[in-house]
Amino acid sequence: MRSATTVASAHHRVFATIERLLDGWFLGLAARFAFLAVLYFYFLNSFRTKVGAGLSGFFEVSDGAYYQIVLPAVEAAGGDVAALAFFPWRLIVWLGTYSEFVLPLLIVVGLFTRLAALGMIGFVLVQSYVDINIHKVGAETAGAWFDRFSDSLIWDQRTLWVFLLLYLVVRGAGRISIDALLARRMRLA
């Protein structure tokens, strides 16, 4: 019994020390790094499929964006993107397209991280809905929770994406971020 208590005590001391050393800075930075390494370029590339080429193209939402985001509305307009009303269709496509660029960038640099991560959670949920209900991805792509497979593109992968983003919503970007810098400046003012 004594050796179990000794092991438990050593375990507690070691991990309490690690927790104290990393508290407030490490997990927020690690979550943002994981987002950068795994998801940032995915969203950046997806954004680039929705805008024109070059610097001026950055400000032009392509017809392809409408097909990707509001396909049923485009089909109802006979495939004529120009016939779509600004509200809600053009607004939805514009907001979705530029959210895919702005929100990931804010997360990576750690600016308005909680709001950006919350926005990205909404984005991922809408993206998943569109993939399943509009683009009609198959069951093997959508996957399912609590099955023996861990590689489906929607339920499995995007659950992990949302968990990562949820951490940032709840705990923030951490001390190594623009959010923390601004908070320190506000306290000094």
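Criteria and cut-off values
- Residues numbered from 1 in each chain as written.
- Predicted model: local features only at pLDDT ≥ 70, side-chain atom pairs only at ≥ 80, totals over all residues.
- Heavy atoms only, no water.
- Salt bridge = Lys/Arg side-chain N within 4 Å of Asp/Glu carboxyl O.
- Helix = DSSP H or I, 4+ residues; strand = E, 2+ residues; numbered from the N terminus.
- Buried < 20%, exposed > 50% of the residue type's maximum accessible area, 1.4 Å probe, protein only.
- Core = buried A, V, L, I, M, F, W, Y, C linked by side-chain atoms within 4.5 Å.
- Contact = heavy atoms within 4.5 Å.

Here we come to the pattern of salt bridges. Enumeration over the complete set of coordinates arrives at two salt bridges. For K50, the salt bridge is made with E100, and the minimal N-O distance between the two is 2.9 Å. Taken as a pair, K50 in the loop between α2 (26-48) and α3 (54-57) and E100 in helix α6 (residues 86-109) lie far apart in primary sequence, 50 residues in all. Accessibility classification places K50 together with E100 in one group, the buried group. R158 is the salt-bridge partner of D131, the closest N and O atoms lying 2.8 Å from each other. Separated by 27 residues along the polypeptide, D131 in helix α7 (residues 113-134) and R158 in helix α9 (residues 155-171) bring together distant segments of the chain. Neither residue differs from the other here; D131 and R158 are each classed as buried.

On to the nonpolar core, then. Formed by 24 residues in total, the largest nonpolar core has its most connected members in F35, F43, I107, A117, M120, V124 and L165. With seven residues, α2 is the single largest residue contributor to this core. Ignoring any residue separated from it by four or fewer positions in sequence, one finds I107 in contact with R32, F35, A116, A117, M120, L165 and L168. Residues Y66, I69, V74 and V81 belong to the second largest nonpolar core, which totals nine residues.

These figures come from the coordinates and say nothing about function on their own.
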